[in-house]
Amino acid sequence: MHDVADGHPSFLQHHFFEPEQQAEAAKLGTWLFLLTEILLFGGLFCAYAVYRAWYPDMFYEAHLQLNVVLGATNTVVLITSSVTMALAIRAVQMNKSKQAIWLLVATLAFACTFLVIKYFEYSHKFHLGQLPGKYYSFTGLEGNNPHVFFSVYFLMTGLHGFHVLGGMGLITWMIVKVSKGKLSGEYYTPIEMTGLYWHLVDMIWIFLFPLLYLIG
Amino acid sequence: MAQAAAHSSKKSHVHIMPLKVYMAVGAALLILTFVTTEIAQFDFGEFNIYIALVIASIKAMLVAFFFMHLWWDNKLMFVTFSIGLITLTVFIALTMVDTMDRGSINPETAGQINPKAEMYNSPDFGKGGHHGDAEGAASHDSTAADSTGAHIDSTAAEMSEGAGEGETATSGAGTQPPGDGSSTH
C-alpha cells in the first residue's frame, strides 16, 4: 500500500510505529470525543424528555409555534452537506484535490444556509418574545409554563448551532490544508476526522428536527 | 470492487466507497425526512413519538454506518459509539423512572415538599441535603386534566392533589417520554 516501506513518511509522527497505527489512534480519539458530545447533548435530551413528560399538552401547543417548513428545509440542507462532506473525503482519498475543494466549499455553503435559516427563525421568535425562562413575554399560548419549551428549544438548537459554527471552522481549515497539498490518498486523517464530527452534528439535528418540530 | 479490495486488505485504512453508495444513502435520508414530515400530519396517538424516533434512528444509523464508515471500521469504534448510546439510555431511563414514578414506593416523596409531612419532623432530617425537586413529580399529572386551564404554574392545590396518585396519572398522560429506552411504562 505504502511506497515508503522502511522510510518515515512526513505525516507520520515519531511516536507512531506506522501510518495505520496513527490513523487508528486518531480515529479512536475522535470517537471518544464524539462519545462526550453525545453525553453533552444527552443532558439536554434528558431535560427534553422530563419536561415533555411533565407538560405534554403544553409541548404540543408550543411546538406549533415552530415553522415546520423551515425546519424541514434545514434538515435537507444539513443532510446534503453531509453528502458533500463524505464525497469530499472520497475525493481526497482519490487524490482529486480540486474536486475535494469544491465539495468542501459546497459543504461550507450549506452550513451557512443552515445558520441563515436558523437566524431568521430565531429573530422571528425574539420579535414575538418566545424566549427562554424569564425573558419569555409571548402571550399567545395557553397551558402550563410555555417558556420551558422555548428554554429547551433554544438550548438544544443553540448548542447545535455553535457546533455547526465550529464545524465551519474545521471545514475552512480543511480547505486550506487541501489547497496546500497537505492531504492526499496517503494521508487524509484530518479531513476524515472533520467528516466524523460533521456527520455527528448532522445526526443530532436528525433527532432535534422531529422532537422539536414534529411533535404529534 | 473498491469495496472488495478494502475488505481483503485489513491493514489498509484506505477504504474508498463507490459514489453510488453515497448517493443512495443521501437519497434514502432525504426520502426519510420527507416521510417523517408527512407522517407527522397524521395522529397515531401515543405512537407518534415512537414512529418519529424510529425513523430518526434509521436515519442516524445510515449516517453512522455509511457516512461515518462504522460498518467497515475497526469494531472498537462501534463499541465506543455504543457505550455512549447505552450510557445515555441508562441516564435518561433512570431519570424518567425517578421523575415519573417518584412516590410509588413512598407517597411522601411524590409531590411538592410539605414541611408538615411526618418524615420531615424527624430530628435527623435534612442532614444529608434536601430534595430540590419540588414541583416536578406532581405537576406532570395535572397537565392532562387542566390543559384548558390557566397558563400559570400549577398551583399548590393541584400539586397536593396530584401527589399520591402519581401512578395512575402517568399512564393517563397522552404522550410518552421519548428516547429509545426511556419509557418507564
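Not measured: the values here are computed from a predicted model. (Residues numbered from 1 in each chain as written. Chains lettered and ligands numbered in written order. Predicted model: local features only at pLDDT ≥ 70, side-chain atom pairs only at ≥ 80, totals over all residues.)

1. Brief notes about the overall build of chain B
What counts, and what does not: By definition, any uninterrupted DSSP run of H or I lasting at least four residues is a helix, any uninterrupted run of E lasting at least two residues is a strand, and each is numbered from the N terminus.
Looking only at helices and strands, chain B features seven helices and zero strands. The order of helices and strands in chain B, counted from the N terminus, is α-α-α-α-α-α-α.

2. Brief notes about the overall build of chain A
We apply this condition: Neighbour density around each residue's C-beta defines its exposure: 20 or more other C-beta atoms within 10 Å make it buried, 12 or fewer make it exposed, and counts between make it partly exposed, where C-beta atoms are placed from the backbone. By the convention adopted here, residues are in contact when the distance between their C-beta atoms, placed from the backbone, does not exceed 7 Å.
Helix and strand counts for chain A come out as six helices and zero strands. Ordered by position from N to C terminus, the α and β elements of chain A give α-α-α-α-α-α. Along the first, second and third principal axes, the C-alpha atoms of chain A reach 70 × 30 × 25 Å. Looking at chain A as a whole, 44% of its 216 residues are labelled buried. Sequence separation of 24 or more characterises 74% of the internal contacts of chain A that already satisfy a separation of 6 or more.

3. Considerations on the nonpolar core
Burial of nonpolar side chains together is a common tendency in soluble globular proteins. To be explicit about the condition: Put simply, a nonpolar core is buried Ala, Val, Leu, Ile, Met, Phe, Trp, Tyr and Cys residues tied into one set by C-beta atoms within 7 Å.
Ala49, Ala88, Val92, Leu104, Phe149 and Ile204 of chain A are the most contacted members of the largest nonpolar core, which totals 88 residues. Apart from residues no more than four positions distant in its own chain, Val92 of chain A is found in contact with Ala100, Val178, Leu183, Ser184, Tyr188 and Ile191 of chain A.

4. Some words on the environment of Ala23 of chain A
Tracing the backbone shows Ala23 of chain A in helix α1 (residues 19-54). Residues Ala23 of chain A and Gly42 of chain A, 19 residues apart in the sequence, show an inter-C-alpha distance of 28 Å.

5. Section: the packing of helix α2 (residues 19-39) of chain B against helix α3 (residues 47-67) of chain B
All names here are of chain B. Cut-off, in case you're wondering: Working convention: axes come from line fits to C-alpha atoms, limited for helices to the stretch in contact. Angles between N-to-C directions cover 0 to 180 degrees. Put simply, angles under 35 degrees are roughly parallel, angles over 145 are roughly antiparallel, angles from 65 to 115 are roughly perpendicular, and the rest are oblique. The crossing is said to be left-handed when, going from far helix to near helix, the turn is anticlockwise and less than a right angle, and right-handed when the turn is clockwise. Three classes are used, and their members are as follows: Ala, Val, Leu, Ile, Met, Phe, Trp, Tyr, Cys and Pro are nonpolar, Asp, Glu, Lys and Arg are charged, and the others, Gly among them, are polar.
As a packed pair, α2 and α3 sit with axes 10 Å apart at the nearest point and diverge in direction by 170 degrees. When the axes of α2 and α3 are compared, the pair comes out roughly antiparallel. Note on packing geometry: the crossing formed by α2 with α3 is left-handed. Together, Val21, Val25, Ala28, Leu29, Leu32, Val35, Thr36 and Ile39 of α2 and Ile51, Ala52, Ile55, Ile58, Lys59, Leu62, Phe66 and Phe67 of α3 make up the contact between the two elements. Residues belonging to the contact of α2 with α3 are distributed by class as follows: 14 nonpolar, one polar and one charged.

6. Side note on the packing of helix α6 (residues 189-213) of chain A against α3 of chain B
Two measures define how a pair of helices packs: the angle their axes make with one another and the distance between the axes. The geometry of α6 of chain A relative to α3 of chain B is characterised by a closest axis approach of 9 Å and an angle of 170 degrees between their N-to-C directions. In terms of their interaxial angle, α6 of chain A and α3 of chain B are classed as roughly antiparallel. Counting all contacts with α6 of chain A, which are made through His199, Asp202, Met203, Ile206, Phe207 and Pro210 of chain A, the residues of α3 of chain B involved are Ala52, Ala56, Lys59, Ala60, Val63, Ala64 and Phe67 of chain B. For the contact of α6 of chain A with α3 of chain B, the per-class residue count stands at 10 nonpolar, one polar and two charged.

7. Observations regarding the environment of Tyr188 of chain A
All names here are of chain A. Structurally, Tyr188 can be placed in the loop between α5 (146-179) and α6. For the pair formed by Tyr188 and Phe150, sequence separation is 38 residues and the distance between their alpha carbons is 41 Å. Apart from residues lying up to four places away in sequence, Tyr188 is in contact with Ile89, Val92, Gln93 and Leu183.

8. Notes on the confidence of the model for chain B
All names here are of chain B. Keep this limit in mind: Each residue carries a pLDDT score, the predictor's own confidence in it, on a scale running from 0 to 100.
Taken residue by residue, chain B gives an average pLDDT of 68. The fraction at 70 or more is 50%. Here helix α7 (residues 166-172) is the element of chain B with the lowest mean pLDDT, 38, and α2 is the one with the highest, 94. In the predicted structure, residues 1-12 sits below a pLDDT of 50 and forms 11 contacts with residues beyond four places in sequence or in another chain. Low pLDDT (under 50) marks residues 129-185, which in the prediction has 122 contacts with non-local residues, meaning those over four places away or in another chain. Across the assembled chains, the prediction reports ipTM 0.89 with pTM 0.76.

9. What about unusual backbone geometry?
The phi dihedral of Asn95 of chain A falls on the positive side, at around 60 degrees, and the residue is not glycine. Here Asn95 of chain A shows up in the loop between α3 (68-93) and α4 (97-128). The phi dihedral of His69 of chain B falls on the positive side, at around 65 degrees, and the residue is not glycine.

10. Topic: the environment of His127 of chain A
Along the chain, the position of His127 of chain A falls in helix α4. Along the primary structure His127 of chain A and Ser137 of chain A are separated by 10 residues, whereas in three dimensions their C-alpha atoms are 10.0 Å apart.

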